[in-house]
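Listed below are the residues making up each chain.
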Amino acid sequence: MQIALEKITDYAKGVNVYTDGETEFYKVGEERFERICAEWNNMIFGAHEMPAFGVSLNDETVKAMQNGVWAEFTFDRQLSSNGMPYEKLLVNVQPEWSGFNIVRYTAKHGYDGRCFYYDLVNKDMSGFYNCLTQ
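Residues numbered from 1 in each chain as written. Predicted model: local features only at pLDDT ≥ 70, side-chain atom pairs only at ≥ 80, totals over all residues. Heavy atoms only, no water.

Located in the positive-phi region is Asp20, a residue other than glycine, with phi close to 50°. One can find Asp20 in the loop between β1 (14-19) and β2 (22-27). Positive phi, close to 50°, is recorded for Val121, a residue that is not glycine. By the secondary structure assignment, Val121 is in the loop between β7 (113-119) and α4 (126-133). For Val121, a relative accessible area of 28% gives the class partly exposed. (Helix = DSSP H or I, 4+ residues; strand = E, 2+ residues; numbered from the N terminus. Buried < 20%, exposed > 50% of the residue type's maximum accessible area, 1.4 Å probe, protein only.)

This part is about the pattern of salt bridges. If you walk through the whole model with that rule in mind, you get two salt bridges. Glu31 is the partner of Arg35 in a salt bridge, and the nearest nitrogen-oxygen pair spans 3.2 Å. A residue pair is termed a helical-turn pair when its members lie 3 or 4 positions apart in one helix, as Arg35 and Glu31 do in helix α2 (residues 31-44) at four residues. Exposure remark for Arg35: the relative accessible area of 40% places this residue in the partly exposed category. Relative accessible area serves as the criterion here: at 60%, Glu31 is assigned to the exposed category. (Salt bridge = Lys/Arg side-chain N within 4 Å of Asp/Glu carboxyl O.)

Fair warning: the whole summary comes from geometry, so function is off the table for now.
What follows is the structure, given as C-alpha cells:
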C-alpha cells in the first residue's frame, strides 16, 4: 500500500523506543503511543521531505542502535512511500538535529537500503527527544 510519508502515524501499530540498547514498546491505543505520535507529527509539520544523503547498512545500523535514542514505527503490513517499501521506519533521535534520515526495514533486507530524509526547516528534534526520554 502506497502512503504519503507524513501519514505514517495513521498506519503505525506500535513504536519501539530504544535507549542505549534497551527497548520499550508502545502499541496503538496506549496513551504513551498517542503522545509519541502527536509529538512526531508536531515535529514534522512544515518539514521538507528530501532525498536521503546515504543508504543504511543493516549491520552498522543494528550496532548504532545500541547507543543513544531511537524511535521505530512498526506496521502490520508492508507499506510504501515514494516507491520504497518498509515494514518499520527507524529514526536516530538527536535533540539538536534539524534534519534526519528515516531508515527503512523490510523482513527481506533488514535495515539495508535507501532512506528517506526530513529537513525540519528552522526546528530541531528536541521536543520529540524529550517526549521519548521522559
